[in-house]
Structures are given as structure tokens and as C-alpha cells.
Amino acid sequence: MPLLEIDGKPVETPAGMNLIEAARLLNVEIPHYCYHAGLTVVGSCRMCQVEVEISGRKSIAIACNTKAADGMKITTRSEVVHKLRQSVLEFYLQHHPLDCPICDDAGECDLQNYYMEHGLHDSRMPLAEKKHKHKVMDVGPNIVLDSERCVLCTRCVRFCREITGTGELGVFGHGRDAELLNVPGKILDNDYAGNVVDVCPVGALTDKDFRFKRRVWYMKRTASICTGCSRGCNIFVDWETDRRYKDPQRRIQRLKPRYNRLVNEWWMCDQGRYGYHSVDEANRLLSPKTKSQSNGHALSVDEVITKIAARVESAIEKQGPGSVAVIASASSSNEDLFLLNRLFIDKLKVQNIDVTFGFEAKGKEDELLKKSDLAPNRRGALELQVKPWGGEGQGGDDLIAAAIEGEFEVVIVVRHDLSTAMSEKDFAKLRRNTGYIAYLSSHENGLTEVADDVVPIAMWAEREATYTNFQGRVQKTARPFDPAGLAIPEWEVWKKFGEIAGVELNFSDVRDVFNAIGMHFESFKGINWESVGSGGRMLNGTPEPTYKRIQTSTPLTAY
Amino acid sequence: MIGNGSTRLLSRNFDVENLTNLEVALKHGAYEQLKRAVKMKPEEVTEIVKASGLRGHGGAGFSAGTKWGFIPKDKFPRYVTVNGDESEPGTCKDRLIFERDPHLLIEGALICAYAVQAERIYIYIRGEYFYPTRVVAEAVQQAYAKGFAGKNILNSGWSCSIHMHNGAGAYICGEETGLIESLEGKKGWPRLKPPFYPAAIGLWGQPTIVNNVETLAFVPRILEIGAEKFAGLGSPKNGGTALYSLSGNISRPGVYELPMGTPLMDLVNEYGGGIPNGRKLKAVIPGGSSSHILTAEECENLPLDFESVAARGSMLGSAAVMVIDETVSIPKLMHWMVRFYAHESCGQCTPCREGTDWLLRLSKRFLDGSARKRDIDDMWELADNIDGKTICALGAAVAWPTKSYLVKFRHEFEAACKN
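Residues numbered from 1 in each chain as written. Chains lettered and ligands numbered in written order. Predicted model: local features only at pLDDT ≥ 70, side-chain atom pairs only at ≥ 80, totals over all residues. Heavy atoms only, no water.

A. Spatial organisation of the overall build of chain B. Helix and strand counts for chain B stand at 18 helices and nine strands. Taken over the C-alpha trace, chain B has a radius of gyration of 21 Å; the compact-globule value for 419 residues is 22 Å, and the two agree within 12%. By residue count, 62% of the 419 residues in chain B fall in the buried class. As presented, chain B carries roughly 15200 Å² of accessible surface, and 52% of it is formed by carbon and sulfur atoms. Where the 47 positive side-chain charges of chain B centre and where its 47 negative ones centre are 2 Å apart. (Helix = DSSP H or I, 4+ residues; strand = E, 2+ residues; numbered from the N terminus. Rg over C-alpha atoms; globule rule 2.2 N^0.38 Å. Buried < 20%, exposed > 50% of the residue type's maximum accessible area, 1.4 Å probe, protein only. Areas by Shrake-Rupley, 256 points an atom, 1.4 Å probe, with all protein chains shown as cover. Lys, Arg positive; Asp, Glu negative; His and termini not counted. Charge placed at Lys NZ, Arg CZ, Asp CG, Glu CD.)

What follows is the structure, given as C-alpha cells:
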């Protein structure tokens, strides 16, 4: 482990670490544009130059391509280094407009930040001599390029070559005419294209979904996880609710990947990135629905849950637990599924319950991040034994078939829209044959139209919850803002149901529920809300997966 | 024109008619040294080249034998790349070797390949060199036909193929890593160093020797006359002779083969016939357009070898000596020089991409009379901000001459200013 000094402070670094990363260990930022820890080092921006002293000999070196070595003395703040940074910035700003008031990257642009910190020079370049390049170019369906703002760091080019292996972008022309453009005949339309906006250190590449929607300083940022598939990529939710006049249907402004070495590194797929729109979609279910008489007033959520509980109880009383089926969902959180298990399997002895069905949509799986299983908590459902394995009840597609044939008096459906999952004929048959259908849904759909009672449930961005991803890692979502309308988290539905049905599910909040899981399930033993932390925690008995770089198996070379 | 130097090693047979024909070349000793080399141990060949003091004639002047010795012992396959990109303004010597004695080059490259046990040679020729390409390509075919190249060369058990590659005319493809990228079919952008020196990680990640045409052409001669005799020809630490490309305001421009360390003024006056029309010498650019300019006073008593020219604050580079007489405007000269480098900047790293372009615009002002005095200081500062801060040496190639012109001929720039 090399021991070196950075700005007079000693630091021990892992072998092979470069100086930018070594300085980060001391919270020292060495400015850079082209360097990105997830991409190959090209050393072209020259912004990270520092003074390096080895055995008394001082020289200038680029920090990205200099490995920390024993006895090195690094100076990142000196007159010499300041001059170097200033000169590089001056080179960049010859032609690059510092048009922060109109650039959509204002507040997140490294050129802006470094200029304020290291530049602040008067331009020696007459305005008339500044070169002009392409503005507002569509490089793909989601991405817009402003060539004039591009600093040619090639991070996006390298991303498309090394990570996705698709190579849609390149630098064309040479010298002063060098310009970032699409490779002829290719458009930036891979499943991870949105990441090029994240890696762009300036405002050259912007996201059509976000550009000019919000200024970054108005937004708040919450660490969460994506629930788009069973990987559970770590993300930041950038949200803003104060200026709803701008776009009343939009509380989440964008999602950004959050670094987690063993889950998603620096990246996320576009499906996850743009999947947040469903949170504030126009068809969100905002209030409970019921088919029964309401005495002229709108029913409260509690009243609807009471009705569901009463109906379930009476069915069990008359015909036994075999008359009730629960079509549960692997998209529910650990807490939801835990209470579901306690309520239906443990207490009410309902055996016809499952989370896995043939009609569930499968996603496209790839060698990078995307998993074909789109349910974020399949592993959690397995660990929490939602299907009463070994019991007498029916599971999966048998359960559905039986429901269609009218074997159940009561069917409780969680999250699945059965109206699109089965044929029109089967769906009508199910409705006809089943005495009572209760439905927990976040959106209005065909099933909300025909179900007897519908409870609006909160979505992932409106509630705290934990999910267990395919690796066996328990991770949690955050709750930046309240649920839409009268929606409540699913676990609260079961809690209220339990209270009415006389089942003790006495939890004051979601943390209590999660902390209680360990008392019943060995794999969660000793894991509590706090210990899950921001990076997640593996289930007991499930080893941490070995690190494998997220990269296509057929990367193209750097350029 | 070929030089009339007293010691002619490389150019010895340049005047022989039809030397490009293998039969003629064989009569003049071609491939004799290859026959000897393949009977030696590869390391012995490297040791001879090391002992001869042969230095790279492409510009850097690095010891050729030492470079060969850098090849990792256990990594195969290995490649030899002949750098015939020759695009430094003022330099025109490799072309003569291509055209006049291609078999000498091929023999040298084969000996090098044998010394480092390479299995393939790439001859990278500047895109504009149409005729030389044809000549060398024919010579390669002849060498194959006679068993000097290909499988089991001269029954030594060692095989080596030779491939021709034309550049697309980019200066930066003469830089060894830019050349490698170009050979790999990519944009000629130089590679970041360290750690990827071609001898360790070169073409397709394999050990690769990149040597200039002239350097490799010397190898058969070294074997022929012996390392000691070769070393004795030049000045200390500078073995043998060099091909000096003499151009500019000179009576007899051309390529002259002379021992390393030949005095500059001897080359100008004795061999080049001095400056025509009785004009006075103003300056000399001693090693291609990227070297610092030397004033007439600095040219006195200057032996043309790597150390002596460096001691005078310039460099021998590719030994392209450009003579400038009193009629030449230095601001104009600088503009032409900067224009070349600004055009040839590959655009990969910031100081070079943006800096050369800016220098070009500033240098233009001295031509149209719109320059201000502060532009002189601005140019110097810009050059300083480029110098040593780029991925490859192109940054320095424009910064060094710019700085030297501005310092040594500041009065001319001041005179060209409007205020």
C-alpha cells in the first residue's frame, strides 16, 4: 500500500490507484473533465495537472494517469497548479460559450464550477473570432447535443464503446475542427443511452426528458433504488414539488444512477431511468372505489378496507380458508409481503396464494444491468415464504385457472391488472364466477373498473420500503413526498385489515415492520433498517457476489 | 540531389543504376549482412547495434539498440514497424532511401526483426509518397521471391512477413503511437504514456519496435563495418553518419550524408555552397520545423550531433537543416510554421487543439499589420501553456520554435506591430 503525501497530508492508498482517486480519500478534488472512474483513462483534457515530487524531483503530471507511489509528494493547490488550470480553462473558453443562464446544465457544469474556482479571467479572444458548431442536434431519441458546449472529453464516446459496445458516437475532424457527432448511420438509441448525459461534464449532452424542465438548484435529491426490475439499481430521485404550476403532473423531475459497486456501478438503464413517469401518470388511482352502497358519501380508505376484511372473514367462516385466493405480487416490498404472510398464511390459514404467474411481463435481459424478471422483490417473496410451500393450496397459473373456474368466493388481487393479463372471455368468467374481488392498485385500469372494492396504494417514490434484489441484497427506497391522493402503502392496508380481523399486527411504522421480519425469518435475522444503509445488505447466508465490471463482453477500443 | 559527403555509408550505392532491382542490389552486397545476422544469436545482433551507438534518426535520437533491448522476453508475437511517415517540414531523407536503395531498408528491417524475433514487419509510408511506395512494394516482392522474407528465411528456421501500409497524410501518424493506432485501422491519435511504450505494449498490445527508415537502413552497414568502426565515424555518443536534409536559402539544397558532428557551417558553406546572391545568413533551423531557431551567431562552431545542438538550446531532430537568409521575415516564417501545426493537430488534447489554433490566429495578425505589442507576450505565454502539457510531442513541436522566434527575433515582431 503506497504511502504518499497530498497537500502535506499523508494518505495510504490501494496499489495502482491514480492521484485523482487518492486525493478523493482526503476529500481533495482535483478538477478533471475526461477522467471517469468507470471508463478508460485518456488524459486528454489536461485539467487534472498537479505537481508531483518524487525523491526531490518536481514535475508536472496529469493526476488521472499517474499512479500513487510510495514517497510521492503531490501539490494540488499552488500558484503553479492554479496557473495550469487557468490556462487549460482559457483554452476551453476560447470557443465555449459560458452561457450558464441559458444552458440547461447550469449548476451542474464542471466548466462553470472550475471557472468560478480557478479561472475568472478576462477573455483575450474577440467575440467575432469564436468558432461556431452545431447546436441542438438530435443524436438519439432521448438525447440532444450542443456541439458548441462540448469539451471533447470523449466520456460519452468511451461509454458507448466500452460499456455498451455499440459505438454510436465519435469525434470527427481534427485540430480546431474536431467535433463530437454521431457515427454516420448510427443513432444513439441503445438501452443505456441516458448515461451519456450523466457522464457529460458540461452541458453538451442533455436529456430531452429533463432539459429546460427545472433548474437543478430548485430540486431536492433523495437516495433510493429503482424498482423497474429485479436488479434494484441504486438511484437518486431528483424531485421538486414547490413549483407545480410548471408541470403539475410531475413531482419526480429525473432519476440519476447512484454508485454502488456491486449492483450497478455508475450506470442505469433507460427503462429504469424514464420509468418514473408512472408515479404521476394521469391514471393514478387517487381514491378508493367501491361497488356497494355508500349512503351518499365517498368512502374512506379505512371503510373500504373494513369491507374487504369483513367479506374475507365471512367467506372463511362459511366456506373455510380454501374459499379465498390471494394473487399477490413480487413487486410488493418485504414489509408488504411479510404482513401478507402473517395475515393470510399464518393467521387466516389461506393456502391459495402466490406471487409468480405466467402472465407477468418479462423484460429484456442483457449482460449489463437489465434483468428479465421485472419484479423488484421476487427474491424477497421467496425468502418471506409468500407461497405457502408444501401447503395444500394452489399456486401460480393453477391458482388463476381455478379462480376463472369459480373455485373461490373471494379473490384478492395485489397490483396485477388481470384485465390485460388474461383474455376478455376469461376475465369476464372470473368476474362472473367470483363473488367478491378486492383489488389493491396504484393505477386505474380494467380491473379497477370491475372489482368490488379497490384500495389505492402508494408507489415506490411515495413510501419507504425494502426490496431484496436477485443477488439477495436488501435495499431500501426513500419517501421524498407523500402518496398521490388517498393512496397508502400496501403494508398499511394489511395492518388495518389485521386490526379489523383481530390479528395483532401492531407496527407503528415501516421500520418496525422490517425490524420484525428478522424474528420470523432466519435469512433476515439481525438485519435492521439502519444496518441496510445506503448500499444495501446481503441476506444472511448469501455471500456478497464477486465484483465483475459492468461492461459489454465485446467492448470496442477507446476510439 | 544526393550528398557528396566524404563518408558515405547509406548513400554509397545511391548513384548505382537500377539498384531497386534485386539482382543489381545483390551485386552491391544487398542481404549479405542478413545472411550473417541469421547465423548469429539474436541477442548478439542487438549487442552489436547497441555498441555502435546508433541513435534514432527519426528525431528523438534514442539509442536504437537499447530500444530493441526493451522487448519483454516472454511476450509473442512481436512486430517491427518501419516509420516512413516522414512528415516533418524540411525532412526528405527517408524518401531517398525508399527510392534509391529500398533493399537496404528491407534488409535493415529484417535484421532488426531477427534481433527481436519479430514475425512481421510493417512498412508505414507517408500517404503522399506514391512513387516510393511503388518502389518499396516491388522490392518487397523481390525479397520474398528470393527467400529473404517469408517462411524459414535463409533456412534459419525464422519466418517473417513484410506488409506495406500507406498513411492518409497526417503528420501525427509519424508519432510512434499515432502510427500504431493508424496501423490498427483507427484514427491517428497518439496513445497516452506511460505505461504503454510500444516496445512493451505496441501494435495490438504486443511488443513492437518502431524505428525510422534511416535508422534501420544503417543496421546492415553496422554489421558490415563493425560496431567500433561505425561508432568511430561520428562524434562521441553519436555513432556513424547522418543524412542531412539541407533546404531553404542555400545554393545546393539536397540530402548530404556526413559524419555525425559535422560542423553546421561546413554543411552550409562547403557542401551546400553557401547562401546564393551574396546574401547574409540570418538563422538556421537545425532539426526540422519543430526545432528552436538558431541565430547566425549561434550557428558558428556548432557540430551537428544530438548533444552539441541540444547544448545550444535546439535539437538535431531529423537533421533537416533549414537555412534562412536576411530577406526572410521571421513573423511570416512563424506563421507558416504555426499554420502547419495547427492544421496537423489531431484534436485529442486540449492545449494542442485549442492552443495551436489560437497561435495561428495571433500569428496572422503580424502579417496583416493588426498585431499589438501585447500579442507578442500573449503568443509566448500561449506557447508556454502548450509546451510539455500535451499527450504527444506535437505541442512542444509548435511551442519550441514559436518561443525561440519570439525571443530571438522579438524586434521583428515589434516592428510588425501597429502599436
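B. Highlighting the pairing of strand 12 (residues 234-239) of chain A. Residue and element names in this part refer to chain A. Most of strand 12 is tucked away, with five of its six residues classed as buried. For strand 11 (residues 220-225) and strand 12, the ladder comprises six bridges, and the chain directions are antiparallel. Within strand 12, the position partnered with Arg221 by the bridge is Asp238. Pairing between strand 12 and strand 13 (residues 252-257): five bridges, direction antiparallel. Across the sheet, the residue bridging to Trp239 is Ile252, located in strand 13. (Pairing = 2+ DSSP bridges.)

C. Just the packing of aromatic side chains, in detail. Residue and element names in this part refer to chain A. Tallied over the entire structure, the rule returns 29 aromatic pairs over all chains. A centroid spacing of 5.8 Å and a plane angle of 55 degrees characterise the contact between Trp266 and Trp267, whose relative ring orientation is tilted. On the basis of relative accessible area, Trp266 is assigned to the partly exposed category, the value being 21%. The buried category is assigned to Trp267, whose relative accessible area is 2%. In this structure an aromatic cluster arises from ring pairing among Phe159, Tyr259, Trp266 and Trp267. The ring of Phe236 has Arg221 lying over it, and the distance from NZ or CZ to the ring centre is 4.5 Å. The ring of Tyr547 carries Arg261 above its face, with NZ or CZ at 3.9 Å from the centroid. (Phe/Tyr/Trp six-rings, centres within 6.5 Å; stacked < 30°, edge-to-face > 60°. Lys NZ or Arg CZ within 6 Å of the ring centre and 35° of its normal.)

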